[in-house]
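One-letter residues, chain by chain:
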Amino acid sequence: MGEGISDYTRFCVDLRRQMWMVGVEEELRRLIWQIAITGKYISAKIHESNRKLAGFRNLYGEEQLALDRSSDEILKNQLQYSGFVREYASEEQDAVVLLGKGREKYFVTADPLDGSSLVDTNLAIGTIIGIHKESVFSRGRDTMVAALYITYGPLITMVYAAAGLGAHEFVLNREGEYVLSQENIRIKDRGSIYSPGGLRKDLTEPHLKYLEYLENEGYKLRYSGGFVPDINQILIKQGGVFTYPALQKSPKGKLRLLFELQPMAFIIEHAGGIATDGREDILSLKVEDLEQRAPVYIGSRFEVEKAREFLTAGT
Ligand code: AFP
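Our subject in this report is the structure included herewith. (Residues numbered from 1 in each chain as written. Predicted model: local features only at pLDDT ≥ 70, side-chain atom pairs only at ≥ 80, totals over all residues. Heavy atoms only, no water.)

## Structural notes on the overall build of the protein
- Regarding its fold elements, the protein presents nine helices and 15 strands.
- The C-alpha radius of gyration computed for the protein amounts to 19 Å, which stays within 12% of the reference 20 Å derived for 315 residues, consistent with globular compactness.
- Referenced to the eigenvectors of the C-alpha coordinate spread, the extents of the protein come out at roughly 55 × 50 × 40 Å.
- Counting over 315 residues, the protein shows a buried share of 56%.
- Of the contacts formed within the protein by residues at least 6 apart in sequence, a portion of 62% connects residues at least 24 apart.
- For the protein, the exposed area adds up to about 13800 Å²; of that, 49% sits on carbon and sulfur atoms.
- Mean positive and mean negative side-chain charge positions of the protein (39 and 44 charges, respectively) differ by 1 Å. (Helix = DSSP H or I, 4+ residues; strand = E, 2+ residues; numbered from the N terminus. Rg over C-alpha atoms; globule rule 2.2 N^0.38 Å. Buried < 20%, exposed > 50% of the residue type's maximum accessible area, 1.4 Å probe, protein only. Contact = heavy atoms within 4.5 Å. Areas by Shrake-Rupley, 256 points an atom, 1.4 Å probe, with all protein chains shown as cover. Lys, Arg positive; Asp, Glu negative; His and termini not counted. Charge placed at Lys NZ, Arg CZ, Asp CG, Glu CD.)

In structure tokens, the structure reads:
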């Protein structure tokens, strides 16, 4: 957006206007806006939730909170009537859901409420969305056209990136509008925080050596157990690294490639950062099935490349 726009004017720029100004094409603008708006309804569910278990388990055998399922329902219903979505894949659904008549433009992936196990602790949690122009069973770099996440914290914020058009943050104001707070967010090549997932006892030797390196370099540990706020912190503090690595007993780590890693990798890359599984770019990994997990190193270029050095030393 033009430099001449005053801060006050900039702050009043709402989501739809900003997407038009940076050049997001119309149908994608309307879809991103419709998804972002569900943040208001999911937030309302969070406020009325009593963390009751829904008595169901998801594809991964994890107990689902009523909140997980209601957040998924809110998203699915909104997308069903958007007119732009052909298929919907969600962490809370056992299979891809056909939403349209087969001619709609987009495929949407969702982790409707990531970190929901934190809801009773009042820590920030989030919604993660990937938007694809063709079947998701391919490489994210070939299929993704946009991604967004919503953070439910002291403020409700939304970050989106659309192919080639940067990464931008909005705050939901009292009137229920998303207004621009940061445009064209850029991550520094080297940061000062690290967000290390996984239990120490389960970590591999090369990864332990990498963590020791970061600690000796004086990186500050910042880890909440919520992927969305932990990634958001690296984006908004403009640097650092989040990792959930290969574990001794789980070489693919914990986080889901389609629902969690691809959207965040898309956004972080649009902010000048990188995301790998320790060796290969996350967006270069082929999605074979919905359950697929991958190790992840995501954030500033220096820290992620340094991880690759430790993990490939001697190979
Ligand atoms: P839940 O959705 O079950 O709370 O898991 C959250 C998550 O998938 C991701 O948001 C975190 O980064 C990661 O798990 C935390 O895992 P640990 O609890 O093993 O640290």
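Read on for the rest.
## Points about the sheet that holds strand S9 (residues 167–172)
- Strand order in the open sheet formed by eight strands is S4-S3-S5-S6-S7-S8-S9-S10, with mixed pairing between adjacent strands. The open sheet is flanked by strand S4 (97–98) and strand S10 (178–182), the only strands paired with a single partner.
- Sheet strands in contact with helix H2 (residues 15–22) are strand S8 (156–162), S9 and S10, and its direction is about 20° off that of S8.
- Each of strand S3 (85–90), S4, strand S5 (106–114) and strand S6 (125–132) touches helix H4 (residues 66–80); the most contacted strand, S5, lies at about 155° to it. (Pairing = 2+ DSSP bridges. Axes fitted to C-alpha atoms, helices over the stretch in contact; angles between N-to-C directions.)

## Details of the side chain of Thr 38
- As for its position among the elements, Thr 38 is in helix H3 (residues 26–48).
- What Thr 38 contacts, discounting residues up to four positions off in sequence, is Ile 74, Leu 75 and Gln 78.

## So, the packing of aromatic side chains
- This model, assessed by the stated rule, comprises six aromatic pairs.
- These aromatic residues form a ring-pair network of at least three members: Tyr 210, Tyr 213, Tyr 297 and Phe 310.
- The ring of Trp 33 is capped by Arg 16, whose NZ or CZ atom sits 4.0 Å from the centre of that ring. (Phe/Tyr/Trp six-rings, centres within 6.5 Å; stacked < 30°, edge-to-face > 60°. Lys NZ or Arg CZ within 6 Å of the ring centre and 35° of its normal.)

## Some details on the pattern of salt bridges
- In this structure the tally under the stated criterion is 16 salt bridges.
- The shortest N-O distance in the salt bridge between Glu 26 and Arg 30 comes to 3.5 Å. A residue pair is termed a helical-turn pair when its members lie 3 or 4 positions apart in one helix, as Glu 26 and Arg 30 do in helix H3 at four residues.
- Among the residues examined, Glu 26 registers a relative accessible area of 45% and is labelled partly exposed.
- With its nearest N and O atoms 2.9 Å apart, the salt bridge here joins Arg 308 to Glu 305. (Salt bridge = Lys/Arg side-chain N within 4 Å of Asp/Glu carboxyl O.)

## Focus: the pairing of strand S11 (residues 193–196)
- Of the two faces of S11, the one lined by Ile 193 and Ser 195 and the one lined by Tyr 194 and Pro 196 are each fully buried.
- Note that S11 and strand S12 (residues 220–221) share two bridges and pair parallel. Among the inter-strand pairings, Tyr 194 is bridged to a residue of S12, identified as Leu 221.
- The β-α-β motif built from S11, the intervening helix H6 (residues 205–216) and the parallel element S12 has right-handed crossover chirality.
- Looking at chain direction, S11 and strand S13 (residues 241–244) are connected through three bridges and run parallel. Note that in S13 the partner of Ser 195 across the bridge is Phe 242. (Right-handed = clockwise from strand over helix to strand, strands pointing away.)

## Description of the site of the ligand
- Close contacts around the ligand come from 14 residues, with Asp 114, Ser 117, Tyr 223, Phe 227 and Tyr 244 the closest.
- Here an oxygen atom of the ligand and a backbone polar atom of Gly 115 are 3.0 Å apart.
- Take Lys 254: an N or O atom from its side chain is 2.9 Å from an oxygen atom of the ligand.
- Residue contributions to the shell around the ligand reach at least three from each of two domains, namely domain 1 (3–182) and domain 2 (193–312). (Near = heavy atom within 4 Å. Polar contact = N/O pair within 3.5 Å; in protein donor to acceptor, adjacent residues only side chain to side chain. Domains from an automatic or database assignment.)

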